[in-house]
Amino acid sequence: MTLKMGVIGTGAIGREHIKRITKKLSGGTIVAVTDVNQDAAKKVVEEFSLDAIVYPDDKALIAAENVDAVLVTSWGPAHEQSVLAAIEAGKYVFCEKPLATTAAGCMRIVEAEMKYGKKLVQVGFMRRYDSGYKQLKEAIDSHLIGEPLMIHCAHRNPEVGDKYTTDMAVTDTLIHEIDVLHWLVNDDYKSVQVVYPKKTKHALAHLQDPQVFMIETNSGISITAEVFVNCKYGYDIQCEVIGEEGIVKLPEPLSIVTRKEAKLGVNILMDWKDRFIDAYDVELQDFIDSIKETGKPNGPTSWDGYIAAVTADACVKAQQTGEKERISIPEKPEFYE
Ligand code: NAI
Ligand code: NAD
Ligand code: ISE
């Protein structure tokens, strides 16, 4: 059986996911697309020679008889409405982060899914599928470095557009660290405080850049997470876990080593699309396969989307107050165990 998929939002990542489902992955096919910009939706059908209908909006696409699963790749504020409509129609959903832009919105999705009585939703937290992070987790789970004590990490982009605001350092950027770090060390977050270092001249007037988030977990692990979205030199993701018996560090993306003109060098990626390209493939293949094999998606759940949003809310509050803010993660419902 082929999983028939409809895509809501044919922008940057929507097109990437359509391309990989059509050209690289197996078991899924794109039968429907929509975008508020209808020309973008039509263009993608032509570009990838899709046998797909262009629908006027998300509701019409979700209602289509032949759509088994929906990919939500529109901009963040539009996600909640599409995910709720898909759950109501009993359709599977792969939703890019954020699941919704507020914790209350994510909770509405959690409640709707529990009411429906079956897991339908997977959130696009692809780092859990990245081989580097998976190796870090295996090392930590097998006690290679003893108890983790500290994590130092960085999420750097070469530049961002003028619509990127200070809170988006949390909701658009740090959100990936928020999801992956507590999963890595099997812990929950307790508090967060934000420091603004000297501002780069490359950031627009309205944006604080860089920012440093100091996060503490329930067991006392201390995390320093730098977000620097006008770093100029590359798209660079760093993560180092310091344990009682040793240190493990995220591997650098594979690159040839060049010796030329008295210099030894390796390339640094510039585009986020390339850094986790394999992880996007694996997460979507897992979404397709697990639905076909078990009748439900296997990846990060609506609950993971919700607790990321609760944490993000506390981080945004900490940006505004400068104080140490408490992060209160509610107990996980049995439905998501
Ligand atoms: P984009 O702006 O390139 O594309 C968004 C598209 O959605 C646009 O074509 C827009 O017209 C359309 N759209 C917006 N609202 C819509 C609605 N209500 N109905 C239908 N179409 C709608 O944005 P991009 O970069 O593709 O990001 C999309 C989502 O993917 C965001 O939630 C973003 O956070 C997430 N994302 C995730 C990444 C990851 O690493 N997991 C990487 C990049 C983006
Ligand atoms: P984008 O702006 O390139 O694309 C968004 C598209 O959605 C646009 O074409 C827009 O017209 C369309 N759109 C917006 N509202 C819509 C609606 N209500 N109905 C239908 N279409 C709508 O953005 P993007 O970079 O592709 O990001 C999209 C989402 O993917 C965001 O949520 C973003 O956070 C997420 N994202 C995730 C990753 C990742 O690494 N996981 C990377 C990039 C983007
Ligand atoms: C995007 O939304 C992401 O999710 C990427 O992972 C991030 O690093 C990128 O800069 C964002 O635009």
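Residues numbered from 1 in each chain as written. Chains lettered and ligands numbered in written order. Predicted model: local features only at pLDDT ≥ 70, side-chain atom pairs only at ≥ 80, totals over all residues. Heavy atoms only, no water.

An unreviewed UniProt entry annotates the chain as Inositol 2-dehydrogenase/D-chiro-inositol 3-dehydrogenase originating from Fodinisporobacter ferrooxydans. Under the Function (unreviewed entry) heading, UniProt states for the chain: "Involved in the oxidation of myo-inositol (MI) and D-chiro-inositol (DCI) to 2-keto-myo-inositol (2KMI or 2-inosose) and 1-keto-D-chiro-inositol (1KDCI), respectively." UniProt lists a comment for the chain under the heading Subunit (unreviewed entry), and it reads "Homotetramer." (UniProt positions renumbered as here; feature names shortened; annotations may be inferred.)

Moving on, we come to the side chain of R275. Locating R275 in the fold gives a position in helix α8 (residues 272-275). As a buried residue without a salt bridge, R275 has its nearest oppositely charged side chain in D130, at a separation of 4.1 Å. Apart from the residues within four sequence positions on either side, R275 is in contact with D130, Y235, I237, L250, P251, P253 and L269. (Helix = DSSP H or I, 4+ residues; strand = E, 2+ residues; numbered from the N terminus. Buried < 20%, exposed > 50% of the residue type's maximum accessible area, 1.4 Å probe, protein only. Lys, Arg positive; Asp, Glu negative; His and termini not counted. Salt bridge = Lys/Arg side-chain N within 4 Å of Asp/Glu carboxyl O. Contact = heavy atoms within 4.5 Å.)

This paragraph deals with the confidence of the model for the chain. This prediction gives the chain a mean pLDDT of 97; 100% of its residues lie at or above 70. Scoring of the predicted complex yields 0.92 for pTM and 0.81 for ipTM. (pLDDT = per-residue confidence, 0-100.)

As a further point, take the packing of aromatic side chains. Inspection of every chain in the model, using the stated rule, returns five aromatic pairs. Between F94 and F287, the ring centres sit 5.7 Å apart and the planes meet at 70 degrees, which makes this aromatic pair edge-to-face. With F94 in strand β5 (residues 92-95) and F287 in helix α9 (residues 277-294), this residue pair connects regions lying 193 residues apart in the sequence. Accessibility expressed as a relative area gives 0% for F94, which makes it buried. With relative accessibility at 0%, the residue F287 sits in the buried group. When the ring centre of W183 is taken as reference, the NZ or CZ atom of K137 above it lies at 5.2 Å. (Phe/Tyr/Trp six-rings, centres within 6.5 Å; stacked < 30°, edge-to-face > 60°. Lys NZ or Arg CZ within 6 Å of the ring centre and 35° of its normal.)

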